[in-house]
Amino acid sequence: EAAKYTYELCLFKTAKQKESAHGGTHLGDWSDASLDPDEGTRLWNWRKGAKCWNGPERSATAVVTCGAKTTVLSADEPETCRYVFEVESPVACDEEFR
């Protein structure tokens, strides 16, 4: 039910999941950025988020492709408390990193 939430992904800071105007769930602190050489995409990672009641600490990964402005295109939770986002950003348009 991703549509019920909004997400805040801050480079070099934190990632959060919000359900209302109050607070939110801490998905993680900025960890690193890397390049997936096979796909030509950038990966932004947040780790050590709030612990799930029945599992691991939350974490988030953004798969970043070239786009005119930084926009979250989709959000998914393929495994318990591990979030994956598709993001477009001009940051990923530099040919040097493709």
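Residues numbered from 1 in each chain as written. Predicted model: local features only at pLDDT ≥ 70, side-chain atom pairs only at ≥ 80, totals over all residues. Heavy atoms only, no water.

Student: I'm lost on the pairing of strand 1 (residues 6-9) in this one. Help?
Tutor: Side-chain direction in a regular strand flips from residue to residue, so the side chains alternate between the two faces of the sheet. Note: strand 1 against strand 2 (residues 14-18), 4 bridges, orientation antiparallel. If you follow L9 over to strand 2, its bridge partner there is A15. The turn linking strand 1 back onto strand 2 is made up of 4 residues, and F12 within it adopts a positive phi angle of 65 degrees. (Pairing = 2+ DSSP bridges. Helix = DSSP H or I, 4+ residues; strand = E, 2+ residues; numbered from the N terminus.)

Student: Would you take a moment to explain the environment of D29 for this structure?
Tutor: When you line up the elements, D29 lands in strand 3 (residues 25-36). On the accessibility criterion, D29 (35% relative accessible area) is partly exposed. In contact with D29, not counting residues within four places along its chain, are K13, T14, N45, W46, R47 and K48. Of the polar contacts made by the side chain of D29, one reaches the side chain of H26; its length is 3.3 Å. (Buried < 20%, exposed > 50% of the residue type's maximum accessible area, 1.4 Å probe, protein only. Contact = heavy atoms within 4.5 Å. Polar contact = N/O pair within 3.5 Å; in protein donor to acceptor, adjacent residues only side chain to side chain.)

Student: Even after reading the chapter, I still don't get the packing of aromatic side chains, so can you show me in this structure?
Tutor: Note on aromatic pairs: each is described by the distance of the centres and the angle between the planes. Evaluated as defined, the whole model comprises 4 aromatic pairs. Taking the centre distance of 6.4 Å and the plane angle of 55 degrees together, the rings of Y5 and Y7 count as tilted. Through a chain of ring-to-ring contacts, three or more aromatic side chains come together here, namely Y5, Y7 and F85. (Phe/Tyr/Trp six-rings, centres within 6.5 Å; stacked < 30°, edge-to-face > 60°.)

Student: I tried to follow the side chain of T61 on my own but got confused; where do I start?
Tutor: Tracing the sequence through the fold places T61 in strand 5 (residues 59-66). At 2.9 Å, the side chain of T61 forms a polar contact with the side chain of N45. Contact partners of T61, with chain neighbours within four places excluded, come to L43, W44, N45, R47, Y83, V84 and F85.

Student: Even after reading the chapter, I still don't get the sheet that holds strand 4 (residues 41-48), so can you show me in this structure?
Tutor: Pairing between the strands of a sheet comes from backbone hydrogen bonds, and it takes one of two forms, parallel or antiparallel. Across the sheet, 7 strands lie side by side as 1-2-3-4-5-7-6; this open sheet has mixed pairing. Single-partner strands in this sheet number two, and they are strand 1 and strand 6 (71-79). Neighbour-to-neighbour, the strand axes of this sheet turn through a mean angle of 25 degrees, independent of strand direction. (Axes fitted to C-alpha atoms, helices over the stretch in contact; angles between N-to-C directions.)

Student: Would you mind going over the pattern of salt bridges with me for this structure?
Tutor: Pairing between side chains becomes possible if they bear opposite charge and their charged atoms approach one another. One pass over the full model with this rule turns up 2 salt bridges. Taking the shortest distance from any N to any O, the salt bridge between K18 and E8 comes out at 3.3 Å. With K18 in strand 2 and E8 in strand 1, this pair connects stretches of sequence that are 10 residues apart. A relative accessible area of 29% places E8 in the partly exposed class. Two residues, E79 and R82, come together in a salt bridge whose shortest N-O distance is 3.4 Å. For R82, a relative accessible area of 29% translates into the label partly exposed. (Salt bridge = Lys/Arg side-chain N within 4 Å of Asp/Glu carboxyl O.)

Student: Would you explain the nonpolar core in this entry?
Tutor: Most often, soluble globular proteins have nonpolar side chains that are buried together. Grouped together as the largest cluster of nonpolar side chains are 11 residues: A15, L27, W44, W46, A60, A62, V64, Y83, F85, V87 and A92. Contributions of two or more residues to this core are made by strand 4, strand 5 and strand 7 (82-89). With sequence-adjacent residues up to four places away left out, A60 is seen in contact with A15, L27, W44, N45, W46, R47, Y83 and F85. (Core = buried A, V, L, I, M, F, W, Y, C linked by side-chain atoms within 4.5 Å.)

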